[in-house]
Amino acid sequence: LDDLCERTGESAQLFVREGDARVCLAVSEPDIGLRDSVPLGARLPLDRGSGGKIFQAFDGAATGATPQKRDEEHTRITREGWSESVEERAVGVASVSAPVMRNGLLAAVVSVSGPIARFGDRQRTSLSREVLAAAAELSSAGAH
């Protein structure tokens, strides 16, 4: 997570599912500047935020979305391998997340989050590449 935080300049988190919530197991934050802080151990909902969307798409977590909207979004997320959110969990905050897989199953979710102003189209493309690379690295680390 420290490498991901350094490469993106954004706060980085690792979440696992615990019942009907996602729990922050690890966090890395930039030393200076405006950032989104997710406290270690924080319990966040599965129905909001890019991390929640990953759990919904890859782990089948329940959501309040209509079945058609949920299916379309989950299909896109599983095809592209990442999700994004803008002000779903907190006002002024955006995030990008990707799944950490172990033995073909969702083990965790890695995310970066920060101020909306730093998550425009060009930035999201770059952030998604970095988050996907971190997720792949974490996935392969658990395979050894």
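All figures in this text were calculated on a predicted structure; none of them were measured in a lab.

Calculation criteria
Residues numbered from 1 in each chain as written. Predicted model: local features only at pLDDT ≥ 70, side-chain atom pairs only at ≥ 80, totals over all residues. Heavy atoms only, no water. Helix = DSSP H or I, 4+ residues; strand = E, 2+ residues; numbered from the N terminus. Rg over C-alpha atoms; globule rule 2.2 N^0.38 Å. Buried < 20%, exposed > 50% of the residue type's maximum accessible area, 1.4 Å probe, protein only. Areas by Shrake-Rupley, 256 points an atom, 1.4 Å probe, with all protein chains shown as cover. Lys, Arg positive; Asp, Glu negative; His and termini not counted. Charge placed at Lys NZ, Arg CZ, Asp CG, Glu CD. Pairing = 2+ DSSP bridges. Axes fitted to C-alpha atoms, helices over the stretch in contact; angles between N-to-C directions. Contact = heavy atoms within 4.5 Å.

Participant: I'd like to hear about the overall build of the protein, residue by residue, with values.
Facilitator: What the protein contains, in helices and strands, is four helices and six strands. Counting from the amino terminus, the protein carries its helices and strands in the arrangement α-β-β-β-α-α-β-β-β-α. Over its C-alpha atoms the protein spans a radius of gyration of 14 Å, differing by no more than 12% from the 15 Å that the globule rule assigns to 144 residues. For the protein, the spread of C-alpha atoms along the principal axes amounts to about 40 × 40 × 30 Å. Split into buried and exposed, the 144 residues of the protein put 44% on the buried side. Total accessible area on the protein is roughly 7,500 Å²; 51% of this is exposed by carbon and sulfur atoms. One way to put it: in the protein the 17 positive side-chain charges average out to a point 3 Å from where the 21 negative ones average out.

Participant: Describe unusual backbone geometry, naming the residues involved and giving the relevant values.
Facilitator: Positioned with a positive phi, E87 is a non-glycine residue whose angle comes to about 55 degrees. Secondary-structure assignment places E87 in the loop between strand 4 (83-86) and strand 5 (93-102). With a relative accessible area of 42%, E87 lands in the partly exposed category. Located in the positive-phi region is N103, a residue other than glycine, with phi close to 55 degrees.

Participant: Explain the sheet that holds strand 1 (residues 11-18) to me, using residue names and the numbers behind them.
Facilitator: Strand order in this open sheet of six strands is 3-2-1-6-5-4, and the pairing throughout is antiparallel. Looking along the sheet, the strands with just one partner apiece sit at the ends: strand 3 (43-45) and strand 4. Pairwise comparison of adjacent strand axes, ignoring direction, gives a mean angle of 35 degrees for this sheet. Bridging between strand 4 and strand 5 involves four bridges; their strand directions are antiparallel. Bridging from a neighbouring strand, S85 pairs with S95 of strand 5. Sitting on the sheet, helix 4 (residues 121-141) is in contact with strand 1, strand 4, strand 5 and strand 6 (105-115), with an inclination near 25 degrees to strand 5.

What is shown is where atoms sit, not what they do.
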